[in-house]
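# Summary of the model geometry
What follows is each chain in one-letter form.
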Amino acid sequence: MNDVKPLATERAEPFERLGEIGLSNFAPYLMNRLMGRYNADLRKEMTNLGLTTPKMRALAVLSVIDALTISELAVYAVVEQSTLSRSLERLTSDGLVRREPDANDSRVTRIAITDAGRAAFDQLWPTMARIYSQMFKGIPDDERAAFVGTLQKMLNNIRKHDF
């Protein structure tokens with residue numbers, strides 16, 4: 001009754017249950033714990049800058065890939081589009097991002113980071129980098145690279161978008 005039916009490409013054996021795997025061996029649980037701690041450690045600095053996690057994620061993505069559509073930004077920032085839309089209203093009113101019409105399609109709006117937005121992100125970046133570095137403390141570069149490579153493969157396995 002609780003057995004998961006295998007895909008055609010999988011074996012017919014049932015999957016292990018979470019209790020058999022254990023939380024300490026279940027990658028989604030570990031990733032959520034890591035990101036929860038990362039975001040909690042950033043919260044004080046973000047609050048001082050008037051940012052929330054969705055706003056910070058939007059600025060972080062736009063600092064690297066500027067002038068995205070709202071739907072593209074939602075995917076990259078890992079934020080529900082409705083939440084992102086509310087965050088973008090505030091970021092726009094604070095002068096941290098601006099809305100621009102798409103050059104090829106007048107129905108599309110692109111979101112671009114402003115100089116003030118870049119300055120706010122640049123102020124937050126040292127804290128982000130310090131926490132990131134602390135996560136990998138004592139982990140050799142080759143293990144870190146292998147871990148990141150594995151995460152990239154996992155993301156490719158479950159991705160729903162072409163970017």
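None of the values given here were measured: they were computed from a predicted structure. (Residues numbered from 1 in each chain as written. Predicted model: local features only at pLDDT ≥ 70, side-chain atom pairs only at ≥ 80, totals over all residues. Heavy atoms only, no water.)

## Thoughts on the sheet that holds strand 3 (residues 109-113)
The strand order across the open sheet formed by 3 strands is 1-3-2, and the pairing between neighbours is antiparallel. Strands at the two margins of the open sheet, each flanked by one partner only, are strand 1 (68-69) and strand 2 (97-101). With respect to the sheet, helix 5 (residues 81-93) is in contact with strand 2 and strand 3, its orientation differing from that of strand 2 by roughly 105 degrees. (Pairing = 2+ DSSP bridges. Helix = DSSP H or I, 4+ residues; strand = E, 2+ residues; numbered from the N terminus. Contact = heavy atoms within 4.5 Å. Axes fitted to C-alpha atoms, helices over the stretch in contact; angles between N-to-C directions.)

## Concerning the environment of Val61
Along the chain, the position of Val61 falls in helix 3 (residues 53-64). Separated by 13 residues in the primary sequence, Val61 and Ala74 have C-alpha atoms spaced 9.8 Å apart. In this view, Val61 contacts Leu68, Leu73, Tyr76 and Ala77; residues no more than four positions away in its chain are not counted.

## With respect to the nonpolar core
In a soluble, globular protein the nonpolar side chains are often hidden away together inside. By size, the foremost hydrophobic cluster in this structure holds 28 residues, and its most contacted members are Leu42, Leu59, Leu73, Leu84, Leu88, Leu91 and Met128. Elements with a minimum of two residues in this core: helix 2 (27-48), helix 3, helix 4 (70-77), helix 5, strand 3 and helix 6 (115-135). In this structure Met128 touches Tyr38, Leu42, Met56, Ala60 and Phe121, once residues within four positions along its chain are discounted. (Core = buried A, V, L, I, M, F, W, Y, C linked by side-chain atoms within 4.5 Å. Buried < 20%, exposed > 50% of the residue type's maximum accessible area, 1.4 Å probe, protein only.)

## Quick look at helix 2
The first and last C-alpha atoms of helix 2 sit 32 Å apart over 22 residues, in line with the 32 Å expected at 1.5 Å per residue. Listed as buried for helix 2 are Tyr38, Asn39, Leu42 and Met46. Of the surrounding secondary structure, the elements contacted by the buried residues of helix 2 are helix 3 and helix 6. Positive backbone phi, approximately 75 degrees, marks Gly50, located one or two places after helix 2. (Expected span 1.5 Å × (residues − 1).)

## Here we look at the pattern of salt bridges
If you walk through the whole model with that rule in mind, you get 7 salt bridges. Where Asp41 meets Arg37, a salt bridge forms, and the shortest distance between an N and an O atom there is 3.0 Å. With Asp41 and Arg37 both in helix 2, this residue pair falls 4 residues apart, about one helical turn. Overall, Asp41 belongs to the partly exposed group, its relative accessible area being 35%. We note a salt bridge from Arg90 to Asp94, for which the minimum N-O separation is 3.3 Å. Taking relative accessible area as the criterion, Asp94 reaches 37% and is therefore assigned partly exposed. Through salt bridges that share partners, Glu72, Asp102 and Arg110 make up one connected network. (Salt bridge = Lys/Arg side-chain N within 4 Å of Asp/Glu carboxyl O.)

## Some points on the side chain of Asn39
In this structure, Asn39 sits in helix 2. Filtering out sequence-adjacent residues up to four positions away, Asn39 remains in contact with Met46, Thr53, Met56 and Arg57.

## Considering the environment of Glu80
Summarising the element assignment, Glu80 is placed in the loop between helix 4 and helix 5. Of the residues examined, Glu80 reaches a relative accessible area of 60% and is grouped as exposed. In this structure, the C-alpha to C-alpha distance between Glu80 and Leu96, residues 16 residues apart in sequence, is 20 Å.

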